[in-house]
Amino acid sequence: MLNNRILIVEDEVDIARLLKSHLDDLGADVALAHDAGTGMRLALECTWDLALLDIQLPGVHNGLGICEALRRKSPMTVIMMLTARSSELNRLTGFEHGADDYVVKPFSIIELVARIKSQLRRLDMLKSLEASHAGTPPPVQLPIEVGQLRIHPDYRRAAIKDRNIELTSKEFDLLLFFASAPNRVFSRAELLDKVWGYGHAGYEHTVNSHINRLRSKIEADTNAPRRIITVWGVGYKLDPDGFAEH
């Protein structure tokens, strides 16, 4: 985490300072804001590797507004939402605004720092890959086809029977991962590790929320899904038969 730039926007001053103290000890460059106005200004004025944003903030904006503005400005920034709310609807709202992860209060500081470290390692790997390919066109990734589903990894586009599907970044990553191994069953822990980059038990709700959101965009009937199938007691799989022509 040495020299990674982190923005914390949290109106509970004690929590913000405690997080900053832990992250400072790891060599990160951490800035604090305790209201939405300051948080929005810092988010847009500077470049950040990771942002921790509380949803409920004093001021004109809230954490979701900062998240949306920051995502438009900086697609690579890792955004983690902090909130006391735990309903699936609120988690989905955060993901729709561009968040990468969702942390419900109260949380373990040690575990949150571990998740931050994991996200930043993943970000550093992506930056290293980009730097190593600078000036050299990357190899073209061929489209992946599963029946009527067609995914273009290079352009991050997906379509079913020529109908484009509007997906968030993580929804696309999840669908691409499933489509790369049709019929293979993945546990929630595996999906957390491979798609999100961490394997902490107890955060399966992140996978569940994204599965539900993905289904709402690719299934004809979300109450009887035929494309992303739940394998009870194990996890999920992509069923090619659900994308077959009829």
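Report follows, based on the coordinates. (Residues numbered from 1 in each chain as written. Predicted model: local features only at pLDDT ≥ 70, side-chain atom pairs only at ≥ 80, totals over all residues. Heavy atoms only, no water.)

## Some details on the sheet that holds strand S1 (residues 5-9)
With respect to topology, five strands assemble into an open sheet ordered S2-S1-S3-S4-S5, the strand pairing being parallel. Either end of the sheet is taken by a strand with one partner, and the two such strands are strand S2 (29-33) and strand S5 (101-104). Mean inter-strand twist for the sheet, computed between neighbouring axes without regard to direction, equals 15 degrees. Relative to S5, strand S4 (residues 78-83) runs parallel, the two being bridged by four bridges. Its bridge partner being in S5, Thr83 is matched across the sheet by Val104. The sheet strands contacting helix H1 (residues 13-25) are S1, S2, strand S3 (50-54) and S4, and the helix crosses S2 at an angle near 175 degrees. The sheet contacts of helix H3 (residues 63-73) involve S1, S3 and S4, and relative to S4 the element is tilted by about 175 degrees. (Pairing = 2+ DSSP bridges. Helix = DSSP H or I, 4+ residues; strand = E, 2+ residues; numbered from the N terminus. Axes fitted to C-alpha atoms, helices over the stretch in contact; angles between N-to-C directions. Contact = heavy atoms within 4.5 Å.)

## A closer look at the nonpolar core
With 26 residues, the main nonpolar core has Leu149, Leu175, Phe178 and Leu238 as its most contacted residues. Among the secondary structure elements, those contributing two or more residues to this core are strand S7 (149-152), strand S8 (157-160), helix H6 (169-179), helix H7 (188-196), helix H8 (204-218) and strand S11 (235-238). Ranked by residue count, the leading element in this core is H6, at six residues. Non-local contacts of Leu238, meaning those with residues more than four positions away in its chain, are made with Val146, Leu149, Leu175, Phe178, Ala179, Pro182, Asn183, Arg227, Ile228 and Phe243. Membership of the second largest hydrophobic core comes to 22 residues, among which are Val9, Ala33, Trp48 and Ile79. (Core = buried A, V, L, I, M, F, W, Y, C linked by side-chain atoms within 4.5 Å. Buried < 20%, exposed > 50% of the residue type's maximum accessible area, 1.4 Å probe, protein only.)

## Let's talk about the side chain of Lys170
Turning to its location among the elements, Lys170 is positioned in helix H6. With sequence-adjacent residues up to four places away left out, Lys170 is seen in contact with Asp100, Val195, Trp196 and His210.

## Looking at the pattern of salt bridges
Under the definition given, this model contains 14 salt bridges. Residue Arg150 is joined to Glu145 by a salt bridge in which the shortest nitrogen-to-oxygen separation is 1.8 Å. The exposure class of Glu145 is exposed, given its relative accessible area of 52%. (Salt bridge = Lys/Arg side-chain N within 4 Å of Asp/Glu carboxyl O.)

## A closer look at the pairing of strand S10 (residues 228-231)
Bridge analysis of S10 against S11 gives four bridges, and the strand direction is antiparallel. If you follow Ile229 over to S11, its bridge partner there is Lys237. Connecting S10 to the next strand, S11, in antiparallel fashion are three residues, including Gly233 with a positive phi near 80 degrees.

## Notes on the packing of aromatic side chains
What the rule picks out here adds up to two aromatic pairs. Taking 4.6 Å as the distance between ring centres and 50 degrees as the angle between the ring planes, the aromatic pair formed by Phe177 and Phe186 counts as tilted. Taking the relative accessible area as the measure of exposure, Phe177 reaches 21% and is therefore partly exposed. Three or more aromatic residues joined by ring pairs make a cluster, and in this case those are Phe177, Phe178 and Phe186. Directly above the aromatic system of Trp48 lies the positively charged group of Arg5, at a separation of 4.5 Å from the ring centroid. (Phe/Tyr/Trp six-rings, centres within 6.5 Å; stacked < 30°, edge-to-face > 60°. Lys NZ or Arg CZ within 6 Å of the ring centre and 35° of its normal.)

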